[in-house]
Amino acid sequence: MQSSLGHSPFKMLFGRQPRTLLDMLAEQREDTEEEVKDLLTYTRDLRGNLSTVWEEAHTALRAAQQKQKQSYDTHSAVRTLAVGDEALVLLPSTDNKLLAQWQSPFEVTAQINPTTYKLSMSKNGGREQIYYINLLKKWIEPTDGQTIHHVTAEVNEDIPYPILTPHNVSSPGKPWINRNLMRQYLNQLQRMVTQNQDVFSKYLGRTSLMQHPIRLKENTVSRQRPYRIPEAKQKIIEKEVQAMLEAEGQNVFERLPDLSDSEVVNLN
């Protein structure tokens, strides 16, 4: 039986409960004679049964929908946007279409109904699109003195902190910055990197001031079944591994004997 309708799909279609093998076996044991109806009587009874079942199903469905609405409304709030507002849109990520992230901000150009809005996607080179309110989040432009993330911590100025500098690196180079960041965050990050060029580098450095041991759960070699790397990713992996091996003056990576059956060993 379907919980929202109160009847089984079979009864909704045929106006009666299905006859199973056990039902037919019970009829044979009881030796009951099936009532024979003429075509007109059978048709009239069938239409009456279907009408009754459908009416009961509609009543049960309305009650179930009302109950589900009340349950949903207890954890929801009414959100509205005005024409001219900017909103974040939950869109599939450029790296993986199965993942979504807030992208934006985009301008609201029209309100279709209380829960649906039309946005201008010209920033992404697209045209206007219609989105449900659950995929939108109102964008509030931060002021000059406002910080998005604020972290406070107690710092003891008496404790000298070791300065970790790259070892045998001729030029630090510019670090890689994700260009998918929002405009104001990207500008802030670029200014911070420019002001602290002696700290940031795209190269992996080494230091002799301290050592950090990496302790595994067990002192055993981890082995797994061999698997093939997709052909589309083989050249990318070979290029990245070769770049790490040939990085000038780093000596951070080195080729080791095979420790696993897999083509790539990932150490985290």
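Details of the structure are given in the entry above.
Within every chain, residues take consecutive numbers counted from 1 along the sequence as written. Local features are withheld for residues below a pLDDT of 70 in this predicted model, meaning they are given only at 70 or higher, and side-chain atom pairs are given and counted only at 80 or more; totals for whole chains, interfaces and linings count all residues. Where side-chain values are given, they derive from all heavy atoms of the structure, hydrogens and water being excluded.

A. Structural context of the pairing of strand S1 (residues 86-92). Whether two strands pair depends on DSSP finding at least two bridges between them. Helix numbers and strand numbers start at the N terminus; a helix is a DSSP run of H or I with at least 4 residues, a strand a run of E with at least 2. Pairing of S1 with strand S2 (residues 100-113), which is carried by 6 bridges, proceeds in the antiparallel orientation. Residue pairing for S2: Leu91 is matched across the bridge by Gln101. Sheet topology places S1 next to strand S5 (residues 136-138); 3 bridges connect them, and they run antiparallel. Counterpart to Leu88 in the pairing with S5 is Lys137.

B. Geometry of the sheet that holds S5. With antiparallel pairing, the 5 strands of this open sheet are ordered in space as S4-S3-S2-S1-S5. Both edges of this open sheet fall to strand S4 (129-132) and S5, since each of them pairs with a single strand only. On average, each strand axis in the sheet is inclined to that of its neighbour by 50°, with strand direction left out of account. For helices, the axis comes from a line fit to the C-alpha atoms of the stretch in contact; other axes are also lines fit to C-alpha atoms, and the angle between any two N-to-C directions lies between 0 and 180 degrees.

C. Broad picture of the pairing of S2. Bridge count between S2 and strand S3 (residues 116-120): 5 bridges; the pairing is antiparallel. In the strand pairing of S3, Asn113 is matched with Thr116. Joining the antiparallel neighbours S2 and S3 is a turn of 2 residues.

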